[in-house]
Amino acid sequence: MAGTRENILVSETVRDQFLQGMAALDQPNSGIFGRDIAAFLRNNNLPLDIVGIDQELSIYDLFVFWHVLAMSIPLSVGNAAHSGPIFLPWHRMYLIRLEQNLQQVLGDPDFGLPYWDWAADGELSVADQWRTDLWSRDYIGEARGAVRSGPIADMRVRLVQDARTGRLVSTTPRPIQRAAGLDPRVRTLPTEAQVDTALTQPTYDQSPWNQSVISHRNVLEGWVQGPQLHNRVHVWIGGDMGPGTSPNDPAFFLNHCNVDRIWEMWMDRNGRDYQPGRNRGPQGHRIDSTMVSIIGQALSPEQVLDPSIWYTYDHQLVA
Ligand SMILES: [Cu+2]
């Protein structure tokens, strides 16, 4: 079924479903333990290790693991999910799979993920940006420190990433941590003008396909004069939103749903164009590359260019 994706600040119903669904998916009852992840990585010769305590993980933890796994697979350009053309389609597939898991746990096949229009908050004063309703007990809880109030206060971080070695660490469960607006490099959220800059790029992506090109994908990912847009939101929230385990914070999905919405607006204006095409450009980033997946069928960028069988946004731009 196809859901409608709405602004989290507009629909209280969607907000509550989203937060309750995330907390439900975070129950450590997947039947998969840290040792199973270790065996999977070993058996598939993957360039990632897991250390720490052996504990039963949640479906939510498996999404965290999936993101780290994709990041840990280096390609000639970027990795299997970032710093190249694959960034937008990979995260689209990833959000579709989370949305489907939420639909299942909520018993609502029409549920659509909410998005956070962070550029609207980027127009507020610096002091107000981390004090909006979003960062309250009715929404996703504290902007700074441990998340101890609201529906996701009981969510627990079980997988973290060692900053020095990049290894995955299965750790004693603890609350989500944030440090919004405290990084001296990034005191403010992206602005509407920066979103416009991403929307007015004429090409989806182009050679050399990396963090240096001027293209819709690279401006939106946030490498151009970065950190901007998507990257800036990660750095601005800080805490658990920093490392490869950033999906530990449900704010990850609110950010990426908004990134996906901006890509969708760009395609409404420019057509459902994707570069590089078949047999061109870097491996793993092509329109027919199979994207790294551990939950649900692995799709190619081509298969997700039109997401209307899965969802639509509440306010589509008419070309
Ligand atoms: Cu990511």
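Computed from a predicted structure; not experimentally measured.

(A) Up close: helix 3 (residues 59-71). A rise of 1.5 Å per residue sets the reference length of helix 3, with its 13 residues, at 18 Å; its end C-alpha atoms lie 19 Å apart and thus fit the reference within 8%. Among the 13 residues of helix 3, 11 are classified as buried, and the element is accordingly described as predominantly covered. Ile59, Tyr60, Asp61, Phe63, Val64, Phe65, His67, Val68, Leu69, Ala70 and Met71 are the residues of helix 3 that are buried. For helix 3, the secondary structure elements touched by its buried residues are helix 1 (12-25), helix 2 (34-43), helix 4 (87-106), strand 4 (157-161) and strand 5 (168-174).

(B) How the structure looks around the nonpolar core. Ranked by internal contacts, the top residues of the largest apolar core, which has 77 residues, are Met22, Ala81, Trp90 and Ile152. In terms of residue count, helix 10 (residues 251-270) provides more of this core than any other element does, 10 residues in total. If we skip the residues at most four places from it in the chain, Met22 touches Tyr60, Ile152, Met155 and Pro250.

(C) Unusual backbone geometry, seen in detail. Between Ser207 and the following residue, Pro208, the backbone shows a cis peptide bond with an omega angle of 5°. Positionally, Pro208 belongs in the loop between helix 7 (192-199) and helix 8 (216-221). Located in the positive-phi region is Gln225, a residue other than glycine, with phi close to 50°. Residue placement: Gln225 occurs in the loop between helix 8 and helix 9 (229-237). Residues other than glycine seldom take positive phi values, yet Leu229 does so here, at roughly 40°. With respect to the element layout, Leu229 can be found in helix 9.

(D) Geometry of the sheet that holds strand 2 (residues 50-52). Taken in spatial order, the 3 strands of this open sheet run 2-5-4, and their pairing is mixed. At either end of the open sheet lies a strand with only one pairing partner, and these are strand 2 and strand 4. Each adjacent strand pair in this sheet contributes to an overall mean axis angle of 35°, direction not counted. In the sheet, strand 2 pairs with strand 5 via 3 bridges, with the strands oriented parallel. For Ile50, the partnering residue across the bridge sits in strand 5 and is Leu168. Sheet contacts for helix 2: strand 2 and strand 5; angle to strand 2, the most-contacted strand, approximately 150°. The sheet contacts of helix 3 involve strand 4 and strand 5, and relative to strand 4 the element is tilted by about 10°.

Conventions adopted
- Residues numbered from 1 in each chain as written.
- Predicted model: local features only at pLDDT ≥ 70, side-chain atom pairs only at ≥ 80, totals over all residues.
- Helix = DSSP H or I, 4+ residues; strand = E, 2+ residues; numbered from the N terminus.
- Expected span 1.5 Å × (residues − 1).
- Buried ≥ 20, exposed ≤ 12 C-beta atoms within 10 Å, placed from the backbone.
- Contact = placed C-beta atoms within 7 Å.
- Core = buried A, V, L, I, M, F, W, Y, C linked by C-beta atoms within 7 Å.
- Pairing = 2+ DSSP bridges.
- Axes fitted to C-alpha atoms, helices over the stretch in contact; angles between N-to-C directions.

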